Amino acid sequence: MLDQQNRQQFLDHLATQLGRPLRKEAVGGYQTVTTRPTTRLTELNDEQRCAEFVKVATEVMAVECVLTSPADAPTALLQLCEKLQGGEVILNDDPRLSEYGLTQVVQKRYTTHIWSAETGEQNRTFAEKANIGIVFAEYGLTESGGIVLYSSAERGRATSLLPQISIAVVKKSTILPRVAQLATILHHKAQQGERMPSCVNIISGPSATADIELVKVIGVHGPIKQVYLIIEDI
């Protein structure tokens, strides 16, 4: 209640200093200059959007992209893990990983841990020492080459942030043009009263900096390498 009173006093003071009544509604109209924020890249078909997504992720974000069919996805993931030196692997408790047989194939080959709401401290401890973290992305974003992750009790943020290497599984059919389309999806979820994720993470490649003499250094904090396993489901 006090915060509300302070807020109102602050706004009243500003209105007085500006010499006008306090406005509580938008006044006047504003002409739309361009529709690019919502229409950019929407003209691309599925194949073109995927190709552009891969191009931006690879060339700009330094992300390795591997395309595979649903049937070959377990083999492709295993080959990636072997290429990345295997080691300990943490996976989110995501049914989509199991549906494609990804969790099972990794468990057979490596020491693994499945993120669980019941093992909070163990989750973080394992993630810190894991070589690879595997998550299933909700969406890919063509414009930035980034991915969208929803956090929940079964899908911890640490799975993609603490291991040395992060592998994100992305379905080709879920690659969106840009963040505007993601905002629309989240808005509809909220309007329909659906439970919202505890956190929405938009990740665009491993961390990087070029502060020192414009020399780009990748993996300053978080994973030193990021890989997208793109499942061609359409």
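Here, every reference points to the structure presented above.
Below, the structure is looked at part by part. Here the structure is a predicted model, which is why all the values come from computation and not from measurement. (Residues numbered from 1 in each chain as written. Predicted model: local features only at pLDDT ≥ 70, side-chain atom pairs only at ≥ 80, totals over all residues. Heavy atoms only, no water.)

**A look at the pattern of salt bridges**
Right, on to step 1. One pass over the full model with this rule turns up 14 salt bridges.
Right, on to step 2. Residues Arg40 and Glu143 are paired through a salt bridge, measuring 3.0 Å at the closest nitrogen-oxygen approach. With Arg40 in the loop between α2 (36-39) and α3 (46-59) and Glu143 in the loop between β5 (139-141) and β6 (146-151), this residue pair connects regions lying 103 residues apart in the sequence.
Right, on to step 3. Assessed through its relative accessible area of 29%, Arg40 is described here as partly exposed.
Right, on to step 4. The shortest N-O distance in the salt bridge between Asp94 and Arg96 comes to 2.7 Å.
Right, on to step 5. The buried category is assigned to Arg96, whose relative accessible area is 18%.
Right, on to step 6. Taken together, the shared-partner salt bridges connect Asp94, Arg96, Glu138 and Arg155 into one network. (Salt bridge = Lys/Arg side-chain N within 4 Å of Asp/Glu carboxyl O. Helix = DSSP H or I, 4+ residues; strand = E, 2+ residues; numbered from the N terminus. Buried < 20%, exposed > 50% of the residue type's maximum accessible area, 1.4 Å probe, protein only.)

**A look at the layout of surface pockets**
Right, on to step 1. A volume near 150 Å³ is recorded for the largest pocket.
Right, on to step 2. Contributing to the lining of the largest pocket are Tyr150, Ser151, Ser152, Ala153, Arg155, Lys189, Arg195, Met196, Pro197 and Ser198.
Right, on to step 3. The residue makeup of the lining of the largest pocket, split by class, is 4 nonpolar, 3 polar and 3 charged. (1 Å grid on protein atoms, 1.4 Å probe; cavity = no way out; pocket = protein on both sides within 12 Å on 5 of 7 lines; lining within 4 Å. Points joined across faces, edges and corners; volume = space filled by probe spheres on them. Nonpolar A, V, L, I, M, F, W, Y, C, P; charged D, E, K, R; others polar.)

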